[in-house]
Every structure is written in structure tokens, then in C-alpha cells.
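Residue strings, one per chain:
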Amino acid sequence: MLRKIYCLRCGYLMLLILWAAGSAMGQQAVRGKVTDRNDGSPMPGVNVLIKGTTTGTQTDDEGHYLLPDVPQGAVLVFSYIGKQTQETPVSGTVMDVSLADDSQLLSEIVVIGYGTQKKNELTGAVSTITAKEFQKGVITTPDQLISGKVAGVQITPNGGRPGSGSTIRIRAGASLNASNDPLIVIDGVPVSGEGISGSPNPLSLINPSDIETFTVLKDASATAIYGSRASNGVIMITTKKGVSGKPKINFSTQNAVSVINRKIEVLSPDQLRTYVSEHGSEAQKAMLGTANTDWQDEIYQAAFSTDNNLSISGSAGNMPYRVGVGYLNQDGILKRDNLNRISGAVTLNPRFFDKHLKVDLNLKGSMQKSFFANQGAIFTSIQMDPTKPVYEENSFGNFYEWKQGENPHPLAPRNPVGLIEQKEDNGKVLRSFGNLQLDYAFHFLPELRANLNLGYDISRGEGDTFVPAFAAQNFNTQGNITNYKEEISNKVLEFFFNYNKAISSINSQIDVTAGYGYYDNQKTVFNFPTLRADGSVITTPAFATDVPQNRLISYFGRLIYTLNDRYIVSGTLRTDGSSRFSPENRWGVFPSAAVTWRLAKESFLENSTVLSDLNLRLSYGITGQQDGIANYSYLPNYNYSVNESRYQLGSSFYNMYSPVAYDAEIRWESTATSNIGLDYGLLRGRLNGSLDVYYKKTRDLLSTIPIAVGTNFSNLLLTNVGNMENKGFEFNISAIPVLKNDLEWNMNFNFTYNNSKVTNLTAVDDPGFLVEQGWIEGSTGNNIQAHTINKAPFSYRVYKQVYNAEGKPLEGVYADLNGDGKITDDDRYYFKSPMPKYILGFSTGVNYKRWNISTTLRSNLDNYVYDNVSSNMAISSNVLNPVNIINNAPADLLNTNFQVNQYMSDYYVYNASFLKMDNLTLSYNVGEVWKGSNLSVSGNIQNVFTLTNYHGVDPEIYSGIDNRFYPRPRTYVVGLNLSF
């Protein structure tokens, strides 16, 4: 022991002598710390080398390094996998360095269906977004993370309700009557996007903080491996995993206040009094009150939310792990609205048998409780007379109501505050999904792997509503009690072999995959009677439960062949059999083929000092669509009659069954996609991007067509007759204009152009055939949109408004477009569409020392919205209502002075193009608060501004019909992230 101590002392003495000698010869010791530029955390294992020599060292667990003999004027080279190599001239004895991400290396491996591939070897149109690029702020659902980030992907928020989610469209979708939602795959498990009672949106049950990357598969070369569910694209989500090393704890909290950003402009109390005084009768003038109530202010609030997440990651022996928990409590700006979510995630990734067997266990779970405020209050807050008070003493709970005799007036709007306060609507949902994936590389042939994936996705939603008997909103039924419950159970079994072999003798690489999939999807709906508030029965369901179910069986294969590291050919084939179709139409075949030419590897470009990457891609394939198609639509079905349609035999009444029209030959919708793409990189990855041109043609679209009387059980039938095409162009560019030791500026811009049109809707040639769509409020049985050939889906079908010399619309005066001397339905024409022709996204961020500022902007151009709020209520007969009440109206009444509704006028179709700043974030990396820790703080504003000519509350409405829209708030967020 004494000898060891003596030797150790001798070693230190020798280092001291060498250091002194070095100093005498112009050398010095240099020490310092290497940190991650993203979050300031220490970086162990960084290589530190004196440039031009083999002398170097590595950083320790805390990121520290020491080089004892560094010549004066030397340059130190810091390198680490996934980080940009940094060369720094020696300028003193202490040199601290922060390393930035090497975006090219980090995104080199991309997740694709049933495998991975190097980004520069892709044959399909694929985009990957990492956590570093996600949207910032209080993010409730995963889809919000990538809004505006990916060319060809349109993500439209469904409103401002907590957890309401978004409508996601990849290249505009491919269906008219079935689903247009993309397939979402989380860690290899296709998850259910089907809504469940008790939750505002199924994706709100997934904690966004657990997500590491999004990969979007857009063309058929990338998506055909998913066959019958891939016509609308595929979004692959990879969640965070454990990493080798000591346990690392991360805690983040975000606390926010949300306020209403924009209200609907209605007549003020004084404007209403003036209007009634000028146009109303004496009796109507006498109905005016003396209050000055802003009903929108009465129903909206400043809403608080908190989002907290704690995770522990590391490795136990050879088993990396990550455990995370999250708690979200978010109030809505509509009073009493609330979303409360507790979530948990566990991932275990052990390796066995000399790492030949990889085991990945992913488990996610959440419990979500919601209180749903009565959104009917949004509508009545626009219509309710602002000269009336919120409260008065009465038998309806002391909320002011218009009365007819002693009862609430049956045709008057209800008190908006009463609607909210006198309805209880609670929902609770439990969801769990996950998988166990076993991947074994054979010992005798490690190029061959067998992969087994067992997954599940189960949910249970339940809830109830209650309205008391005295409440005016349900006065005729003496209140009500409703209960609901649903259960969803989806099971996944997939097995495939993969053979990946480099054949050096012919300079080739072969990657072959072949597999099998089994998917079982079941939903159980429990039916309960509807009760009055006292418990007596209003309605009784015919059946206690309904259990729709469907199964899918698949066989799939893929071949990727690479020659000379520059010519890549891929082909996929998937065949699916679905229980949704008859045995004769049950199986579908979905192939694809693609080639990639890596031009940057050619001799005439490989020595370029400017061009770092250049790939040309060509692809073609066919994908299918079955989601949104009823489970049993090919079978004869019967409807059970409602109580009002019972048949009397003697003194008894009986419910009857009536047959439903059906098509025994119903089958897949299928989409053929052609794609030409170019990927490029310049200046060693400082500038890179892609551009794609695509053409999609969907055939066998489901469309409702007239059929001969007596040939089925209706004169209309939903069947496969339609065709539709999409043409588009996508462009993406990422750049790092400035990259210095203390300063980095990055930016990304993406652009999408898409043109969709219907090309067929009938079994026989009928160019004038149309299918009406787009129900509008206040106009019973009328629709404002339609599908017809050679027009965009959901085009507005309206009359052409005529205006006077002052530019005011003339009530009921329309252009006679067919020239027959009269105005009929034949004079309606197709005018614009809610689908934007152009979609733009822009993100930028600046890192300066420990500061970071970033923002994301989005824009839709040439999208149109129908203002149903004004067309329904901005009329004189609404204000001076003939049923002896006074209503308020949108301010547009003063522009038109229409006496009665003009629902079909193109006056109400507005250009809703917009530019939005989604968020603005400023963060500061405090650094170590104790040894080995790192703290960062941030401030964020969401929904910063919207520039638009549309006068409504929001121009971004996917359906294109603006009626009962829940406003999106502006949110102010303060965040903190601590890791140690």
C-alpha cells in the first residue's frame, strides 16, 4: 500500500517536472469544459486533439479535459459523433467550448416502414422533424408540434378548446366520403385515430413530451408498405428512449395564461338601441333594456394552464431505460372548460446474446378527465340582446331569460351564462398503447434478422351530462341526464425477416424485407336511456350495446438494391385482406417502384467544393383506403325504427325494422401516385433541402349516386364510382447563414402548391351531376358546398351577388348566369374552395452564447371561408324578430341592411388567406446550479398575430364554414427545464 502511494506521488511529481520543462520551451497546460450548445449540459467522451499531431485526450464525465503540453499558437480540434467538429486556436490556459449539432449527421438515419434507411439513400418523399425543431409552448396534442414544419402537410387546429387537436392532411387527402386522415404509427404500432366519447380528440391522450421525432411518408414509394391504409400518407412517431450511462433526471414545467385574441364584432348596446329606434315599432322599442352587457366578455375568461413532466433515463447494466410521467391541467377560455391529463411512459431497451437480440418494450398510458363547457353559449353570446342583464330574480336559476307568459320563450336564444353554469358535462378516458418488439440477428448469419412486433391500443371513455329541471335550456323536458361509455381495443401482430448484405465483389448492397401482419380492431358502444332530471325515462335504446369489429390480414415485402453507392432501386408489394369487404372483393394489391440517382457521387461532381449532396428520385405506386368505410356495408342491414315511427296493431305499438340500401360489391378506394424529387445539399450541409412534384389519381371513390327505383331499398346508393386527382409541388430549404463560436442563426422555409379536382362521380356520363355538402346553420336542409366534376372538392355553390353604385349588395338581386330571364337554382355557380392552393411555413432561430430566440410563421393562400355567422344572424328580421323578442346581430348588418336571409349569396364567401406567427420564444441557459446540473428558463407567446382580410374570428377553418367556432386564444407561457 505504501509503495502504491509512493508511486502515485512520484507520478504527480513527474507531471509537474514535465509541465515546468514544457513551459520553459513555450508550452503550456490547457484545460476547460465542453458543453452541448443546445442546453449547456456537460459532454463526456469528446475527443480533444492538438491539430496536426496525434496528441489528445477525452473529456471526463463532467465534460472537463486537460492537455498538459500544448505548444503556443496551436489549434485544438474538438470532435464528437453527431456534433460539428470545431477547431479553436489556443488563446489561454482555460478554454471552454460548446459544440453545435451536426444536422446532417443527426438526420442521416431515417425511420421508414419496418426499418430504417440513410437519408441520402431514400427513394421516397420522406420528411423528418426532430425535437429540436418542434413548435414551442403549451402543446397539448402531438400534431401541434409539427404545424408549419413540413412541406405538403397541412395541420389545421380544430379550435381553441383544450385538447381539441387538429385536422391533418398530407397532400390534401385522397377521399370524398371515407377518411382523409393519415395513418399514425407510434414506435411501430398503428394507433387508432378514431374518436372516443369523453375526449375532445384521441391524440390529446398522447403526451407530446414523450416524442423524439416525426417522420412523414408522403409518396407511394414510402407509404405502399402500409398498403390499404396509406393513401392519405403515414406519420411515424418515435418516442424517447433510454441511453447508456448514469441516470439522468429531467424536469420541465410550463405555466401559461390564455386570453381571447379576437371576438366576433357585433352591435354594441348603443348601436342596437339606435337600430331599433330607427327601424322598430313602438312595441319593439319598449322591449329594450337599460343594461350594457358584453355577452362575449361574460362567457370568456383568462385561462390558466400548467404542464409538468419528469423523466429518468439511463441504463441498468446492459438495459437502457426511460421512465416518464406528465401532468397537464389546462383551462379553456370558455368558462368552466377544463382538460386534466396524467400520463406515464416506460421504455426498456435491453440487448442480449452479444447484442444479437434487441428487445424494445414501449408502454404508454394516460388518464384524462374533461369538463366540457356548453359551446352553445358561443352562438347565443352573439345573438343575445346586450341591453338585458345577466341576472334577474326568477325561477330559472336567476339567469335572465326571454319569457312567454311565465315560461322561457321557446324561440328565444338562451342566456349564454346560464347555458354554461346550468349544464354539467364530464368525461373520463383511460388509454394505453404500446408494444414489445424482438429483433434477432442470427448468430450464424448476422445479416439476417427476424423481427416480432406485438402491440396494442386500448381505450375506455365514459361520462355523463346533467341539466337541472328548472334550467331554461331544457325546460320542456324538465332537464335531462345522459350517460355514455365506449371501449376500443386494437391488437397488432407483425412478423418479418430482413436481410441486409453488402456484396463487395459487385459493389452492391441488398436490403430485403418480407413479413406478415394481423390487425384486429373492435369498438364497443354502450347505450343508455336518456332521463329527465328526476330520473324518469325520456328515451330507451333498442339495444344495450353495439360491437362493430373489423380485421385486416397483410403480407408485405420490400427490396432495396444499391449499386456503386450511387444507383438505388426499390420495390414494395403489400396485399391486404379486409373484413370490411365481401370475400370476392376482400383482397387488394398495392405495389410501388422507385429509383434514386446519387449524382453527388458521380466523378463530375464528387470533388465539388460547393455541392455536398444531390439526389434525383423517381417513384410510382398504388396505395389503398379503407378507413371511414363502414364495417358491414356489403351486407344487408336493417334499421330499427324510432319510437315515433312505431306501427300500431290493436292497442299495442311495435318498433319495426326497415331494410337499408347496400352495395355487395363495395371495395377499396385506391390512389396511384407519381413523384419526381430532388434532394440537395450545399456548403457542407449549411444549406440543404428538397423539391418534389407529384401527381395523385384516386379511383373507386365512394360517391352517393341515384339508382333506378326498385333495384335497391332506396333511390340513392353509396358505391365506388368516383375519381379525383391531386397535382402539386413541394419545396423545402434549410440554412445556417451564421455559424460561429458564440453565434448561430438557422432558418427553414417550406412551400406547398396543391390543386385538387373531382374527375368523376357517376357510373354513367353526367357532367352536371353534383353531390351537395356543407350544411349551414339556420337554413334547414340547405348546403353551401358541392362535389362536381372538374372542380375542387367542397367548392362553394352560390348565386353571384349584384351590387349598387356604392358597392352595397342588393338584397335578393343575383346575376342571371344562364340567361333564361329568371333566377333559379340553375343560376348558382361554383366559386372557390376552402382548400388553400398555397401553404407556406417559416421557422428561424438565433443562438447567441446562452440566449436563444426562435419563431414559427405559417401562411395559407387562396383559401376561402363562408361566413355563416353573418348569413344567419346579420339580418333585420333577426334583430326585430317577429316572435316578440329583440336579438343582437353581427356588425355586418350595417353593411348589408338585409331584411331576410340571403344564405346562397357569394357575398358571404370571403378570401381567408392569412399569415400567422404561431409562437415567439426567448430562452436563456442558466447553466449549472449545482455540479452536474443544467437549468434553462424560457418565455413564449403562442398565437402572436394573424394578418388577414377576413373579418371573422379566425380565417383558418378547415371545413370552410364559420359558425360556432371556438376561438383560439393568445397564450403567454413561462417555462423552466432542469436536468441533472
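Residues numbered from 1 in each chain as written. Predicted model: local features only at pLDDT ≥ 70, side-chain atom pairs only at ≥ 80, totals over all residues. Heavy atoms only, no water.

(A) Structural context of helix H7 (residues 376-383). Most of H7 is tucked away: eight of the eight residues are buried. All of the buried residues in H7 are Gly 376, Ala 377, Ile 378, Phe 379, Thr 380, Ser 381, Ile 382 and Gln 383. For H7, the elements touching its buried residues are helix H6 (295-299), helix H8 (416-421), helix H9 (868-873) and helix H10 (876-879). (Buried < 20%, exposed > 50% of the residue type's maximum accessible area, 1.4 Å probe, protein only. Helix = DSSP H or I, 4+ residues; strand = E, 2+ residues; numbered from the N terminus. Contact = heavy atoms within 4.5 Å.)

(B) Looking closely at the side chain of Glu 725. Assignment of secondary structure puts Glu 725 in strand E42 (residues 716-739). Overall, Glu 725 belongs to the buried group, its relative accessible area being 10%. A polar contact is formed between the side chain of Glu 725 and the side chain of Tyr 695, at a distance of 2.9 Å. Those residues in contact with Glu 725, other than ones at most four positions away along the chain, are Tyr 695, Lys 696, Lys 697, Asn 755, Ser 756, Lys 757 and Thr 759. (Polar contact = N/O pair within 3.5 Å; in protein donor to acceptor, adjacent residues only side chain to side chain.)

(C) Quick look at the sheet that holds strand E6 (residues 86-89). Ordered in space as E3-E2-E5-E6, the four strands form an open sheet in which the pairing is antiparallel. Each edge of the sheet is formed by a strand with only one pairing partner; in this case those strands are strand E3 (56-58) and E6. Neighbour-to-neighbour, the strand axes of this sheet turn through a mean angle of 20°, independent of strand direction. The pairing of strand E5 (residues 75-79) with E6 spans four bridges and is classified as antiparallel. Directly across from Phe 78, in E6, lies its bridge partner Gln 86. (Pairing = 2+ DSSP bridges. Axes fitted to C-alpha atoms, helices over the stretch in contact; angles between N-to-C directions.)

(D) Geometry of unusual backbone geometry. A positive phi angle is found at Asn 564, which is not glycine, with a value near 55°. According to the relative accessible area criterion, Asn 564 is partly exposed, its value standing at 29%. A positive phi angle is found at Asn 897, which is not glycine, with a value near 55°. Here Asn 897 shows up in the loop between helix H11 (893-896) and strand E55 (909-911).

(E) Expanded view of empty space enclosed by the protein. In this structure the tally under the stated criterion is 13 cavities of 30 Å³ or more. When its volume is computed, the largest cavity comes out at roughly 590 Å³. In terms of lining residues, the largest cavity is bounded by 34 residues, among which Val 138, Gln 144, Pro 157, Gln 942 and Arg 968 are the most central. Broken down by secondary-structure element, the contributors of at least two residues to the lining of the largest cavity are strand E11 (153-157), strand E19 (319-331), strand E56 (914-927), strand E57 (934-948) and strand E59 (969-979). The dominant element in the lining of the largest cavity, judged by the number of residues it contributes, is E56, at three residues. (1 Å grid on protein atoms, 1.4 Å probe; cavity = no way out; pocket = protein on both sides within 12 Å on 5 of 7 lines; lining within 4 Å. Points joined across faces, edges and corners; volume = space filled by probe spheres on them.)

As far as function goes, none of this settles anything; it's purely spatial.
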